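# Coordinates in review
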Amino acid sequence: MADVPDQLVLKVARDREGRRDVIARRIGLSALLVFLALAAFNVFGQRPSTTTAESEAAKLEVYAPERVRGGLYYEARFRIDAVRELENATLVLDPGWAEGITINTIVPSPLGEASRDGRLAFELGRVPAGQKHVFFLHLQVNPTNVGHRSQDVQLYDGDTLLATVDRSITIFP
Amino acid sequence: MDIVIRAVVMFLFVWFVTRTVGRRELSTLEPFDLILLVVLGDLIQQGVTQNDFTVTGAMLAGGTFAVMTVLFSFLSFRFPRRLAPVLEGDPVILVEHGQPLERNLRRNRITTEELAAQARINAQIAHIKDVEWAVLETSGQISFIPKNSS
């Protein structure tokens, strides 16, 4: 009868006493599957969602992802439906839209850009009653940008607030 | 600094995946496995360095992986009973006195056919009954000790 090879203990190497490697592997694999399933359900971005707000004068719709990952490109679409004529439609965005995020293009170009109490203001001009104005931002998340911040959007006609969309963004590494 | 953190996180993730997948899957380098490993390396690199194309960034990421490798090795060496089984796994006996241990084979997803093939390839042993010991090592290789050598 041959000896057991050196450094092998039968209780461990043959009988696996005190070893939970199979259970640990199954738990680990389950954790991986849960992680992948969460990703499939958009937990880590970056499927866009639609948020709307409206008043008697206009309806504002924002279509953009609320969860993104560092380094990725994405698009935000703003749609204004004018119920009555808007003399000077202005979109005011929280700084979270640009904090650690590169704005690659703005389409169509606004008539003017300004800061309104620390927020980004885009003057879009006149929108006749019954018509719509669609405005796109093409963005890229800076790779080192991680966290959660507010991305509220407000629609003004001149200095009159018409509608507010409450949004936030979560950026994963 | 964030590139070091990303490198540490990805190192731990790769360790977690390799320990979860199992050693047999990683020890065989069939053409498909080889391609998978190369692709996996590329995916990991992108997550670690992202848009950083600098020499400094590459040195930080590579250096972090090197330090983590040495750290894991040191921990296994320093605490062989407590940490080595967790970090590297431990050997599993698959054949004892010519008898395959079905429970251990099943736990490591190794078929009798694969065991016989490994015996032929690695030890030129035609029959499992001629194997005194077969041990699945921590590297994923199966070592065979024939009966007549004991």
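Residues numbered from 1 in each chain as written. Chains lettered and ligands numbered in written order. Predicted model: local features only at pLDDT ≥ 70, side-chain atom pairs only at ≥ 80, totals over all residues.

## Re the domain arrangement of chain A
- Here chain A is described as being made up of domain 1 (10-40) and domain 2 (48-172).
- For domain 1 of chain A versus domain 2 of chain A, the distance between C-alpha centres works out to 47 Å. (Domains from an automatic or database assignment.)

## Points about helix α2 (residues 21-40) of chain A
Residues and elements named next belong to chain A.
- Helix length check: α2 (20 residues) gives 28 Å between terminal C-alpha atoms against 28 Å at 1.5 Å per residue, within 8%.
- Across the 20 residues that make up α2, only a small minority, 0, are buried.
- In the segment just after α2, N42 is the residue with positive phi, at about 70 degrees. (Helix = DSSP H or I, 4+ residues; strand = E, 2+ residues; numbered from the N terminus. Expected span 1.5 Å × (residues − 1). Buried ≥ 20, exposed ≤ 12 C-beta atoms within 10 Å, placed from the backbone.)

## Brief notes about the domain arrangement of chain B
- Here the domain parsing of chain B yields domain 1 (2-87) and domain 2 (92-149).
- Distance from the C-alpha centre of domain 1 of chain B to the C-alpha centre of domain 2 of chain B: 29 Å.

## Some remarks on the interface of chain A and chain B
- Facing the 16 residues of chain A at the interface are 20 residues of chain B.
- Those elements that provide at least two residues to the side of chain A that touches chain B are α1 (10-13) and α2 of chain A.
- Broken down by element, the residue count for the side of chain A that touches chain B peaks at 6 residues, all from α2(A).
- Residues belonging to the side of chain A that touches chain B are distributed by class as follows: 9 nonpolar, 4 polar and 3 charged. (Contact = placed C-beta atoms within 7 Å. Nonpolar A, V, L, I, M, F, W, Y, C, P; charged D, E, K, R; others polar.)

## Observations concerning the sheet that holds strand β1 (residues 92-96) of chain B
All names here are of chain B.
- Strands sit in the order β2-β1-β3-β4 across an open sheet of 4 strands; the sheet is antiparallel. Single-partner strands in this sheet number two, and they are β2 (99-100) and β4 (142-146).
- Looking at chain direction, strand β3 (residues 131-136) and β4 are connected through 5 bridges and run antiparallel. The residue bridging L136 from the neighbouring strand is I142, located in β4. (Pairing = 2+ DSSP bridges.)

## Some remarks on the nonpolar core
- A:A58, A:L60, A:V62, A:I80, A:L91, A:V153 and A:L155 are the most contacted members of the largest nonpolar core, which totals 28 residues.
- For this core, the elements supplying multiple residues, two or more each, are β2 (58-65), β4 (73-82), β5 (86-93), β8 (119-127), β9 (132-141), β11 (153-157), β12 (160-165) and β13 (168-172) of chain A.
- The residues touching A:L155, leaving out its near neighbours within four places in the chain, are A:A58, A:L60, A:I80, A:A89, A:L91, A:L162 and A:A163.
- Listed in part, the 15 residues of the second largest apolar core include B:V131, B:W133, B:V135 and B:F144. (Core = buried A, V, L, I, M, F, W, Y, C linked by C-beta atoms within 7 Å.)

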